[in-house]
Amino acid sequence: LDDLDREAIIPVRWTIRTTPGLALANLPVAPPDPPRGVSTAAIRLQAGPGSTNADVFTHWHFDFTHVFTSVRFWARSGTAEPRDLIVAVTSIGAFDTDYFEALTAQRPWPAHRVTLGPAWQLYTIDLASLAPLGPGTPQPVVGPLGPGQGAMMPFIVKGGDPYDVWIDDIDGACRPGECP
């Protein structure tokens with residue numbers, strides 16, 4: 001799904017945004033460091049002290065949780081310090097709300113947290129296992145399926161402290177008969 005190496009079966013567009021303020025920016029892509037397999041491009045999220053939250057996301061105008069059973073990706077922390085990465089699924093209608101604002105408003109997104117170490121590691125997250133990581137009424141996974149609606153999948157890094165996060169080869173495992 002990442003299409004960073006231009007090899008995706010289902011090409012998608014990835015966008016980065018930082019919050020507060022929901023500023024969109026160009027996706028930071030670089031050759032994996034250290035190199036990882038045959039990959040030639042990976043997403044790299046970096047920020048210094050006082051950093052903003054960041055999420056890299058894509059979206060579909062349908063409920064992709066009915067097409068994919070899980071999402072797989074390679075990731076690592078670019079430093080020796082462990083770093084949490086949150087993978088979530090929510091309605092495109094939640095676009096104007098950041099993940100942490102939704103938590104504060106007790107409208108948590110279904111999500112899963114992984115802790116990244118300094119070595120590349122393959123993660124597989126079963127979409128059925130996503131659950132709110134805070135109290136309240138969960139945000140719906142998909143909005144009304146009309147124009148401009150569907151679901152989005154952000155990979156989220158909490159700001160405040162410096163971070164250096166690498167994400168590569170994002171892929172979905174298809175339900176039988178659902179993917180080309």
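Residues numbered from 1 in each chain as written. Predicted model: local features only at pLDDT ≥ 70, side-chain atom pairs only at ≥ 80, totals over all residues. Heavy atoms only, no water.

Novice: Help me get a handle on the overall build of the chain, residues and values and all.
Specialist: A count of helical and extended segments in the chain gives one helix and 13 strands. Helices (α) and strands (β) of the chain occur, in sequence order from the N terminus, as β-β-β-β-β-β-β-β-α-β-β-β-β-β. Classification of the 180 residues of the chain by burial places 46% in the buried group. In the chain, the proportion of contacts linking residues at least 24 apart, taken out of those at least 6 apart, comes to 80%. (Helix = DSSP H or I, 4+ residues; strand = E, 2+ residues; numbered from the N terminus. Buried < 20%, exposed > 50% of the residue type's maximum accessible area, 1.4 Å probe, protein only. Contact = heavy atoms within 4.5 Å.)

Novice: Explain the nonpolar core to me, using residue names and the numbers behind them.
Specialist: Residues Leu45, Phe64, Val71, Phe73, Leu85, Phe155 and Ile167 are the most contacted members of the largest nonpolar core, which totals 28 residues. Mapped onto this core, the elements with two or more residues apiece are strand S4 (42-47), strand S5 (53-60), strand S6 (68-77), strand S7 (83-88), strand S9 (110-116), strand S10 (121-126), strand S12 (151-157) and strand S13 (163-174). Residues Phe100, Ala102, Trp109 and Ala111 belong to the second largest nonpolar core, which totals 10 residues. (Core = buried A, V, L, I, M, F, W, Y, C linked by side-chain atoms within 4.5 Å.)

Novice: Before we move on, can you summarise unusual backbone geometry with the specific residues and values?
Specialist: Note the cis peptide between Asp33 and Pro34, where omega equals 0 degrees. A positive phi angle, near 55 degrees, is found at Gln106, a position not held by glycine. Note on placement: Gln106 falls in the loop between helix H1 (99-104) and S9. Classification of Gln106 as partly exposed rests on a relative accessible area of 43%. Of note, Asp169 is a non-glycine position whose phi angle comes to about 50 degrees, a positive value.

Novice: Give me the lowdown on the pattern of salt bridges, citing residues and values where you can.
Specialist: With the rule as written, the count across this model stands at four salt bridges. A salt bridge links Asp168 to Arg36, with the nearest nitrogen and oxygen atoms 3.1 Å apart. Taken together, the positions of Asp168 in strand S13 and Arg36 in the loop between strand S3 (29-30) and S4 put the pair 132 residues apart, joining distant regions of the chain. Here the two residues Asp168 and Arg36 agree in accessibility, since each one is buried. Here Asp164 makes a salt bridge to Arg44, at a shortest N to O gap of 2.8 Å. Here Asp164 is found in strand S13, whereas its partner Arg44 is found in strand S4, with 120 residues between them in sequence. (Salt bridge = Lys/Arg side-chain N within 4 Å of Asp/Glu carboxyl O.)

Novice: Summarise the packing of aromatic side chains; cite the residues concerned and give the values.
Specialist: Each aromatic ring pair is specified by the distance between its two centres and by the angle formed by the two planes. One pass over the full model with this rule turns up five aromatic pairs. Here Phe73 and Tyr123 contribute two aromatic rings whose centre-to-centre distance is 5.5 Å and whose plane-to-plane angle is 20 degrees, an arrangement assigned as stacked. Pair noted here: Phe73 is in strand S6 and Tyr123 is in strand S10, with a separation of 50 residues, a long-range link. Tyr123 matches Phe73 in its accessibility class, with the two residues each being buried. Plain terms: the ring middles of Phe73 and Phe155 are 5.1 Å apart, the flat faces sit at 90 degrees to each other, and that makes the pair edge-to-face. Note that Phe73 is positioned in strand S6 and Phe155 in strand S12, a separation of 82 residues in sequence. Each member of the pair, Phe73 as well as Phe155, carries the same accessibility label: buried. The ring of Trp120 carries the charged tip of Arg36 above its face, separated from the ring centre by 5.8 Å. Geometry around Phe100 places Lys158 over its ring, the cationic atom sitting 4.5 Å from the centre. (Phe/Tyr/Trp six-rings, centres within 6.5 Å; stacked < 30°, edge-to-face > 60°. Lys NZ or Arg CZ within 6 Å of the ring centre and 35° of its normal.)

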